[in-house]
Amino acid sequence: GGRPVHPETQPVKSRFITFEGIDGAGKSSQIDAVVSLLRAQGRVVEQSREPGGTALGERLRELLLHEAMHLETEAMLMFAARREHLAARIEPALAAGHWVVCDRFSDATFAYQVGGRGLARDKFEALEAWVHPGLQPDLTLLFDLPPEIAAARVAATGAAPDRFEREQRDFFERVRAAYLERARLDPARFCIVDATRSPASIRADIEGVETELSALMGSRWNWRLSHVYLDAENKTDGTMLDNR
Ligand code: TMP
């Protein structure tokens, strides 16, 4: 929008930001930093994760990560937890003009249940249209890296792997490809981060994203970043991402 916006008088528009990537991409360690920076700039930020984010959602998470189940049960439980999360936290926060920063959302179901598990795409689309018609994140940071690097990171934590982390490399190849396809379908929403780099290097870029984001009050994002690219075939430094 061309109209000047005055921060003192104009209510800050809510923003919905999600982080995505295969297990071991290193996104979780970056989320806290982004949330801290946003809060330091006076934003009211709701930080959450999926599956989870509510008392019921966290119980569903325990089942999803540890109990064997049919792949369609898994997909529907992901969306059941999401329905609860939207109703109890995401929708009220956005309605109040707050920012929501979430570790995973529906792109993860597309990547893991459609890409990884092979669930029919139209079943996913039906669930998405049922649970959050018309709502998508404003910005999705997709941490992209080869599964073998991610698997080594997961193994290095020494923690017992969950149902998803126990999957093999070909599963994560499909998950990664599905994420990249999802990004290709909505390039204005996605920012693909080269997650092979060190946490410190990624963090510098992520802080750049945040600084630019928080400076924006109008209808357009405009940010310039190095090492962030729109699609896997086009890894140019300094890509200008013009979001809407
Ligand atoms: P997390 O470890 O990043 O918190 O995510 C938990 C696991 O759940 C992760 O392996 C990805 C998986 N997952 C899905 O398979 N589908 C989904 O819709 C979501 C939100 C997560």
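The structure this text deals with has already been given above.
Quick caveat: nothing in here was measured; it's all calculated off a predicted structure.

Rules behind the numbers
Residues numbered from 1 in each chain as written. Predicted model: local features only at pLDDT ≥ 70, side-chain atom pairs only at ≥ 80, totals over all residues. Heavy atoms only, no water. Salt bridge = Lys/Arg side-chain N within 4 Å of Asp/Glu carboxyl O. Buried < 20%, exposed > 50% of the residue type's maximum accessible area, 1.4 Å probe, protein only. Phe/Tyr/Trp six-rings, centres within 6.5 Å; stacked < 30°, edge-to-face > 60°. Helix = DSSP H or I, 4+ residues; strand = E, 2+ residues; numbered from the N terminus. Lys NZ or Arg CZ within 6 Å of the ring centre and 35° of its normal. Pairing = 2+ DSSP bridges. Axes fitted to C-alpha atoms, helices over the stretch in contact; angles between N-to-C directions. Parallel < 35°, antiparallel > 145°, perpendicular 65-115°, else oblique. Left-handed = near helix turned anticlockwise from the far one by under 90°. Contact = heavy atoms within 4.5 Å. Nonpolar A, V, L, I, M, F, W, Y, C, P; charged D, E, K, R; others polar.

Trainee: Explain the pattern of salt bridges to me, please; I cannot follow it from the model alone.
Mentor: Working definition: two side chains of opposite charge can pair if their charged atoms are close together. If you walk through the whole model with that rule in mind, you get 19 salt bridges. In this structure, Arg189 engages Asp186 in a salt bridge whose closest nitrogen and oxygen atoms are separated by 3.1 Å. Using a relative accessible area of 2% as the deciding quantity, one classes Arg189 as buried. A salt bridge links Arg197 to Asp205; its shortest N-O distance comes to 3.4 Å. For the pair formed by Arg197 and Asp205, the shared burial category is buried. It is possible to trace a salt-bridge network through shared partners that takes in Asp107, Glu128, Arg182, Asp186 and Arg189.

Trainee: How do you make sense of the packing of aromatic side chains when you look at a structure like this?
Mentor: The description of two aromatic rings rests on the distance between their centres and on the angle between their planes. For the structure on display, the rule yields nine aromatic pairs. An angle of 90° between the planes, with centres 5.8 Å apart, marks the rings of Tyr112 and Phe164 as edge-to-face. You can see Tyr112 sitting in helix 4 (residues 106-116) and its partner Phe164 sitting in the loop between helix 6 (147-157) and helix 7 (169-185), a full 52 residues away along the chain. Exposure class is identical for Tyr112 and Phe164. Each is buried. Relative to Phe172, the ring of Phe171 lies with its centre 5.2 Å away and its plane at 90°, an arrangement referred to as edge-to-face. As far as burial versus exposure is concerned, Phe171 and Phe172 are alike and both buried. Lying over the aromatic face of Phe110, Arg182 brings its terminal NZ or CZ to 5.3 Å of the ring centre.

Trainee: Explain the pairing of strand 3 (residues 99-103) to me, please; I cannot follow it from the model alone.
Mentor: Looking along a regular strand, one sees the side chains alternate between the two faces of the sheet. With five of its five residues buried, strand 3 lies for the most part within the structure. With five bridges joining them, strand 1 (residues 15-21) and strand 3 adopt parallel strand pairing. Its bridge partner being in strand 3, Arg15 is matched across the sheet by Trp99. For strand 2 (residues 45-49) and strand 3, the ladder comprises five bridges, and the chain directions are parallel. The residue of strand 3 that forms the bridge with Glu46 is Val100.

Trainee: Is there a simple way to explain the packing of helix 4 against helix 7 in this structure?
Mentor: Angle between the axes and distance between the axes are the two parameters that describe a pair of packed helices. Here helix 4 crosses helix 7 at 135°, and the two axes come no closer than 8 Å. Judged on the interaxial angle alone, helix 7 and helix 4 are oblique. Viewed along their axes, helix 4 and helix 7 form a crossing whose handedness is right-handed. For the pair formed by helix 4 and helix 7, the contact residues are Asp107, Ala108, Phe110, Ala111, Tyr112, Gly115 and Gly116 on the first element and Phe171, Phe172, Arg174, Val175, Ala178, Tyr179, Glu181 and Arg182 on the second. Tallied by class, the residues present in the contact of helix 4 with helix 7 amount to nine nonpolar, two polar and four charged.

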